[in-house]
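Residue-level structural notes
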Amino acid sequence: MSGEKIHRFLKEHRQEHIIRHIELLDKNEKDIFIKNLNTMNLELAFQLYENFSKPEEVKTYKEITPPYIVDIEKYKKEKEMLSIGENSIKAGETAVMIVAGGQGSRLGYPYPKGMYPISPVKGKSLFQIATEKVLALSLKYKINIPLLIMTNPETKEMIENFFNGNNYFGLTKECIFFFNQDILPSITPDGKLIIKEKTSIFANPDGHGGSLKAIWQSGLLDRMEKQGIKRIFYCHIDNPLVNVNDPVFLGWHIKEGAEFSLKVVKKREPEEKVGHFVISDGKPTIIEYIEFPDELKYKKDINGNLIFWAGSIGIHFIETSFIRKINKDGFALPYHRQVKKTKIDNEEKEIWKFETFVFDAIPLADKVCCVETIREDEFAPLKNKEGEDSPEEVKKAMMNFYRKKLEELGIYVSSDVKVEVSPLCNIDVIAKGLKDKEIT
Ligand code: UTP
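How each quantity is defined
- Residues numbered from 1 in each chain as written.
- Predicted model: local features only at pLDDT ≥ 70, side-chain atom pairs only at ≥ 80, totals over all residues.
- Heavy atoms only, no water.
- Phe/Tyr/Trp six-rings, centres within 6.5 Å; stacked < 30°, edge-to-face > 60°.
- Helix = DSSP H or I, 4+ residues; strand = E, 2+ residues; numbered from the N terminus.
- Buried < 20%, exposed > 50% of the residue type's maximum accessible area, 1.4 Å probe, protein only.
- Lys NZ or Arg CZ within 6 Å of the ring centre and 35° of its normal.
- Near = heavy atom within 4 Å.
- Polar contact = N/O pair within 3.5 Å; in protein donor to acceptor, adjacent residues only side chain to side chain.
- Areas by Shrake-Rupley, 256 points an atom, 1.4 Å probe, with all protein chains shown as cover.
- Nonpolar A, V, L, I, M, F, W, Y, C, P; charged D, E, K, R; others polar.
- Arc of directions from axis to C-beta.
- Contact = heavy atoms within 4.5 Å.

1. Describing the packing of aromatic side chains
Counted by the stated rule, this structure contains 16 aromatic pairs. Between F52 and F354 the ring centres are 5.8 Å apart and the planes differ by 20°, which places this aromatic pair in the stacked class. With F52 in helix α4 (residues 42–53) and F354 in strand β15 (residues 347–355), this pair connects stretches of sequence that are 302 residues apart. Measuring from ring centre to ring centre gives 5.5 Å for F292 and F308, while their planes differ by 70°; the resulting arrangement is edge-to-face. Within this pair, whereas F292 is found in the loop between β12 (283–287) and α12 (294–297), its partner F308 is found in the loop between α12 and β13 (310–319), the two being separated by 16 residues in sequence. The pair F292 / F308 is uniform in exposure class, with both members buried. Clustering of aromatic rings is evident, with ring pairs tying together F127, F162, F163, F169 and F178. Above the plane of the ring of F202 lies K196, whose end atom (NZ or CZ) is 5.8 Å from the centre. The aromatic ring of W309 is capped on one face by K266, whose charged end is 4.9 Å from the ring centroid.

Right, dumping it as structure tokens:
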């Protein structure tokens, strides 16, 4: 929109404070401010504001039943799945997409969260760990696996420089693709845009679901498909335990003919704040913990086990054709309103952020496959500065995992020794030399 159009648009949407602000800027600042406004879909944000301002309808679910989930015993036993998955990787049909566009506000780290030095001994960053996992697989299967990293417009340059400065952590530069997700303006509860700096307003990335739009919008999906990629492994940057491009999971996904697959873990307790994977009104769906009815949350079977035990952990395989399908008539995922506290002019204020969630794609898929994984093996997200999901907790979980893996190979590391296993290390080979040794 040109300056004049923006002026009209802002007036229509009762943003006189922004008009007054623009009038006080010099020509250069004005141009930058308008350029910044034009990087986001203001129309959509105001539409969402209108929608969420109406009295909220309480969401009701007619029928919620437990879904079919490949349990951990079945999951691991299937040799056939491993070979199906490995064949797909070797044929160059997979790419890995890591979403790293979040603001990481709870962690409060002054750089993008992926740069956080999380590994317990070497202090490797989350980005390094994830990239080395892709490199290890590329070496193992003798095929370049593309790594797609979603950033947001504020962090892209810093993240690219970080990779560049670290030689792409050993991966060929041509195999890594950075792409931006969209941002949307944050809005006050009374419908106002918020001035951040002289030439910008407060904005937020449009949620991890935005990855399914951005990969398509950026042309990256086309490019991947032309290269023969048929499916994308999706995960979050904040979980250093992810089994990236897990071939067994991939085997299940392919064998089941799924468009979208997910991994779940047993909830720690009924109240745990993870999305519940269920069948709702006949469709596989994730219901957020806040919306999950209490009478089902605590329901147990005759053996005393929770009936709705499956928590989603943000690990997926997604067919590229499915991503195309949910974009072709306009992006199909619904937006959510997140009410957050943010420091504005040194004061904590409430703001509304609009986001999409990747798991909202699940009910749109013709076929969904869900497998169980073990929390201790695959889920230790870095979320908070202190307490639960803090760096200290994540490091502990990583060390426990490494210790367990080494023990399976007959190497015992005493609990007071800090331990770390590089994703690049072939521990089966090393184990032959160390077998039955105790490391103290
Ligand atoms: P979270 O929802 O935990 O958000 O993201 P966050 O940004 O890491 O942390 P908070 O809530 O601000 O404290 C889970 C994953 O989704 C990515 C994050 O980078 C993380 O890997 N994400 C989230 C995006 O890529 N874009 C978004 O808009 C939101």
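Next comes the rest of the description.
2. A look at the site of the ligand
The environment of the ligand is formed by 18 residues, the closest being G101, S105, R106, Q181 and K383. Separating an oxygen atom of the ligand from a backbone N or O atom of G207 is a distance of 2.8 Å. Here K383 contributes a side-chain N or O atom positioned 2.6 Å from an oxygen atom of the ligand. Calculation on the ligand without its partners gives an accessible area of 560 Å², and the protein chains cover 89% of this total. Of the residues belonging to the shell around the ligand, the class tally is 5 nonpolar, 9 polar and 4 charged.

3. Notes on unusual backbone geometry
Even without being glycine, Y168 reaches a positive phi, approximately 55°. Classification of Y168 by relative accessible area gives buried; the value is 10%. The phi angle at D345 is positive, at roughly 45°, despite the residue not being glycine. Note that D345 resides in the loop between β14 (336–344) and β15. Residue classification places D345 among the exposed positions, given a relative accessible area of 66%.

4. Some words on helix α3 (residues 27–37)
Of the positions making up α3, those classed as buried are E29, F33, I34 and L37. Each buried residue of α3 lies within a common arc of 130° when the element is viewed along its axis, so the set occupies one face. Residues K27, N28 and K35 are exposed on α3 and point more than 90 degrees away from its buried face. Tucked into the core, α3 has its buried residues touching α1 (3–12), α2 (16–23), α4 and β7 (200–201). For α3, the N-terminal capping position is held by D26, with its side-chain oxygen 3.1 Å away from the main-chain nitrogen of N28.

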